[in-house]
Amino acid sequence: MTLADITIQLLNGLAGASSLFLVAAGLSLIFGVTRIVNFAHGSLFMLGVYIAYSLTDQFGRGSPLAFWSCVLAAGVAVGVIGFVVEILLLRRIYQAPELFQLLATFGLVLVIKDVVLKLWGPEDLLGPRAPGLRGAVQVMGKSFPEYDLVLIAVGPIMLGLIWLVLNRTRWGVLVRAATQDRDMVGALGVNQAWLFTGVFALGSFLAGLGGALQVPREPAQLFLDITVISDAFVVVVVGGLGSIPGAFLAALLIGVIKAFCIGIGDVQAFGTTFSFSKFTLVVEFVVMAIVLVIRPWGLLGKPAGEPRHTAATEAPLKPLPGWLVLGFAGLGAALLVLPVFTQSYLLILLIDVFVFALFAASLHFLMGPAGMVSFGHAAYLGIGAYAAALMVLRAGIPMEATLALGPLAAALGALLFGWFVVRLSGVYLAMLTLAFAQIVWSIAFQWDGFTGGSNGLIGIWPPAWAAEKEAFYHLSLVLCAAGLLALRHIIFAPFGAILRAGRDSPLRADAIGIDLRRHQWFAFTLVGAFAGLAGVLHVFSKGSISPETLGIARSVDGLVMVLLGGVQTLTGPVVGAGVFIFLQDEIARRVEFWRAILGLVIIVLVLAFPQGIVGFLRGRFMRAAA
Amino acid sequence: MLRVDGLNAHYGRAHILADVALTAAKGEVVVLIGRNGAGKSTTMKCLIGLLRPTSGEIRFEEKRIDRLAPHAIARLGLGYVPEERRIFTDLTVMENLEVGKRPPRPGLQPWTAERLFTLFPNLGEMRNRPGGRMSGGEQQMLTIARTLMGNPACVLLDEPSEGLAPVIVEQMVETIRKLKLEGLSVLLSEQNLHFAALVADRAYVIEKGRIRYEGTMSALAEDEAVRAAYLSV
Ligand SMILES: Nc1ncnc2c1ncn2[C@@H]1O[C@H](COP(=O)(O)OP(=O)(O)OP(=O)(O)O)[C@@H](O)[C@H]1O
Ligand SMILES: [Mg+2]
């Protein structure tokens, strides 16, 4: 690389950083004041891109003034959307546990995605270039787009404007005060509801503007929501939650590192080829993992910013009443004999339910008793599944062996990542799990020669004795039920009790000499194995596997299942998985826009049952019984 | 001005306040006195709406406020100075005051930052200092100043003398007397009988969430039996 190359990559990185900073700044502001981790922030960015595409396409081709008005209008439009969303949805759930808020914003992600699909269609849309900035300038003998130069300036300008608003206006002072102690601000006569609405609208505006500014550079695409939200999470966490300058610094850092990875391309060394451009997908997560381990609160963050309990507070565990034990035994028996009566599609669906019940239960163990919320639990499902598939295809190892080796592989992955993860807590911990999942995903996605890349692997079928649907159904039922019972057993065992004690009062656990971190590390590894088992069963039931199995969306599915059912009981994730699989199947078969419906169902459920379905039922029946 | 009747409050299942009743008239300084954990702060939190009472009536200037949000109660003219101070540590003195600022209230001389600096001269010398870099006493002054910026008609002061050096406590006595002269009502919570005796007109003794004694401050000061039963350490 010449000096000129390096300069160009640096400029590229800075240009990319501006939009990223705007999104991250909005996310950070919203989190600071409302304590909501807004999963839908990437979706707001995407809306900004699409709205700006339509506006500039229609009205923005003529003059620079017209173009920039369109960009600004798109930002404002997204701000207004944020305003409405806050009033209609978020305002009702500020008192709900943090995770339910997260779930509701994820419902929004689904809804917005389908709205965009409906309005703009599935094709990539490339907007017009900015009038007056269509050319390129020469930088050290290389050409660099004029528009990108302007973008480079936008980042610092917006940073300055945000600083002015926060420091030189009464509203900004209130926002900063509320970031520190929102109840006190309320007790001083400030209406928090409107403050929150305002902050959410401003954050949405910034996301929308960030999106709108990208229109001349990149096409509008439907997957932007997820890529942008994970980028923005990384930036916010690296910079320090709630710190705007931190977000700016982190956006620059990550933008530049990414641009360099693309710029370096393939490098020959030690006789092999390293592809740095392929590394781009993971590099930000590697940066984040390093920063979080060295500075757990981000570059400019403060430890005090830690949110309240991430796990829903729960009543002490109680053994199931006798009638429920009988009920479960009856249900198990009924499921065992079910294939006598039906050979249908129902069995296939039920296999999915079993697999995901185990997956969700393992996540529940982590979130409930162990008090660690994972945003990337699908990684371990995926490692188990990929390990099994690779063993069968590449080494001819039989399925029976993979049922043990797959979970072992997942446990090893969890052992490795868990070492880092248990060093953090709360939202930071969740983000780190997300980062690791993303790393695993990129390996599966990019290592074409080994994992089959984006196509995945096919032809992974069970041996003859389990090839019949009925036989595999029984196998899954027995293994998943055994897994669930084992998890339940562990929750009530001394190990589970220590975890719960540590979760509820880490200081006390520390004082009586419990090495909580070590227990959590072990728990993380353990649930990794259970998720891995679910993954092995999953791959053999489908006969194929692709990177989606361990994508962010799948991890979120798991969260939805657990939260739908409720974190308080182990029955919760099982019921949640069942409801989720059937809902998804029902809706997906019947309507085109199933995501939006699913999203709305999630939102309605969160509004109606902030304790989850099982928590709600239990509250009902236990009270009735008392 | 302020009237509480049959107030009950719970934290989870724990019954913290039982039928608390008290009043404070305009321009009166009333003290709620009791030992650690008696329920003083809980009473204050119910009054300002940070904790929703399970039953009971709270009236402020004849208006029911027990179902209102904290900001609505504050806007009616009830100011709250929390026990833990809860200064915005990232904000400067001036910015802390700005957060508390509300429009003037008819019949009361409006507070401005400058007028507060005559009441708390040392705050005036550190206008741009972040709240986090102030001493405990300075922070205590700042919380009171911040609440006064809202031009309240009645102030709830939760243990203002706690952990303060004797000189600062003296200053606090002066401050409360001045507030009374301005025509404000003050409901004060205290453990320190000596401090209470210097400022209060009337006293309520609270123990285990119940009001055990009600009377003028001077009567309480003379009532050895009550003091021995509920207040001695
Ligand atoms: N957040 C809480 N959750 C549960 N119990 C609480 C909580 N806050 C206070 N309590 C309990 O309520 C009771 C009354 O507490 P409160 O803070 O009102 O006492 P206080 O009279 O202000 O005492 P102090 O002089 O120590 O400030 C105590 O027994 C305390 O343990
Ligand atoms: Mg107290």
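Residues numbered from 1 in each chain as written. Chains lettered and ligands numbered in written order. Predicted model: local features only at pLDDT ≥ 70, side-chain atom pairs only at ≥ 80, totals over all residues. Heavy atoms only, no water.

Quick look at the sheet that holds strand β5 (residues 63–64) of chain B now. Residues and elements named next belong to chain B. Reading across from one edge, β2-β1-β4-β5 is the order of the 4 strands in this open sheet, with antiparallel pairing throughout. Both edges of this open sheet fall to β2 (14–24) and β5, since each of them pairs with a single strand only. Examined bridge by bridge, strand β1 (residues 2–11) and strand β4 (residues 55–60) share 5 bridges and lie antiparallel to one another. Bridged to Leu 2 within β4 is Phe 60. In this fold helix α1 (residues 40–48) packs onto β1, β2 and β4, with an angle of close to 110 degrees to the strand it touches most, β1. (Pairing = 2+ DSSP bridges. Helix = DSSP H or I, 4+ residues; strand = E, 2+ residues; numbered from the N terminus. Contact = heavy atoms within 4.5 Å. Axes fitted to C-alpha atoms, helices over the stretch in contact; angles between N-to-C directions.)

Right, let's get into the interface of chain A and chain B. At the interface, 19 residues of chain A touch 22 residues of chain B. Across the chain A/chain B interface, buried area totals approximately 1,800 Å², and carbon plus sulfur atoms make up 55% of it. In this assembly, chain A and chain B are joined by 3 salt bridges. For the salt bridge of B:Glu95 with A:Arg176, the shortest nitrogen-to-oxygen distance reads 2.9 Å. At the boundary of chain A with chain B, the tally comes to 10 residue pairs in polar contact (both at pLDDT 80 or more). Its residues placed into classes, the side of chain A that touches chain B shows 8 nonpolar, 6 polar and 5 charged. (Buried area = accessible area lost by both parts, 1.4 Å probe. Salt bridge = Lys/Arg side-chain N within 4 Å of Asp/Glu carboxyl O. Polar contact = N/O pair within 3.5 Å; in protein donor to acceptor, adjacent residues only side chain to side chain. Nonpolar A, V, L, I, M, F, W, Y, C, P; charged D, E, K, R; others polar.)

We now examine helix α2 (residues 41–59) of chain A. With 19 residues, α2(A) ought to run about 27 Å at 1.5 Å a step, and its terminal C-alpha atoms sit 26 Å apart, in line with that. Counting buried positions along α2(A) gives 14 out of 19 residues, so the element sits mostly inside the fold. (Expected span 1.5 Å × (residues − 1). Buried < 20%, exposed > 50% of the residue type's maximum accessible area, 1.4 Å probe, protein only.)

Residues and elements named next belong to chain B. Ligand 1 sits among 13 residues. The nearest are Gly 37, Ser 41, Thr 42, Glu 83 and Glu 159. Contact distances for ligand 1 include 3.0 Å between an oxygen atom and a side-chain N or O atom of Asn 36. A distance of 2.6 Å separates an oxygen atom of ligand 1 from a polar side-chain atom of Ser 41. No other element matches α1, which puts 3 residues into the shell around ligand 1. Among the residues forming the shell around ligand 1, the class breakdown is 3 nonpolar, 6 polar and 4 charged. (Near = heavy atom within 4 Å.)

Residues and elements named next belong to chain B. Throughout the structure, instances matching the rule amount to 0 disulfides over all chains. Considering cysteine sulfurs only, Cys 154 is the nearest to Cys 46, which forms no disulfide, with 15 Å between them. Owing to a relative accessible area of 2%, Cys 46 belongs among the buried residues under this scheme. (Disulfide = S-S within 2.5 Å.)

The next subject is the domain arrangement of chain A. For an interface, size is often stated in terms of accessible area lost upon the parts coming together. Residue and element names in this part refer to chain A. On domain assignment, one finds that chain A holds domain 1 (15–226) and domain 2 (337–551). Spacing between the C-alpha centres of domain 1 and domain 2 amounts to 36 Å. Residue-level contacts link 6 residues of domain 1 with 5 residues of domain 2. For the domain 1 and domain 2 pair, buried surface summed over both sides reaches about 360 Å², with 96% attributable to carbon and sulfur atoms. Linking domain 1 to domain 2 there are 0 salt bridges. One can count 0 residue pairs in polar contact (both at pLDDT 80 or more) joining domain 1 with domain 2. Here the side of domain 1 that touches domain 2 takes 3 residues from helix α4 (residues 98–120), the largest share from any one element. (Domains from an automatic or database assignment.)

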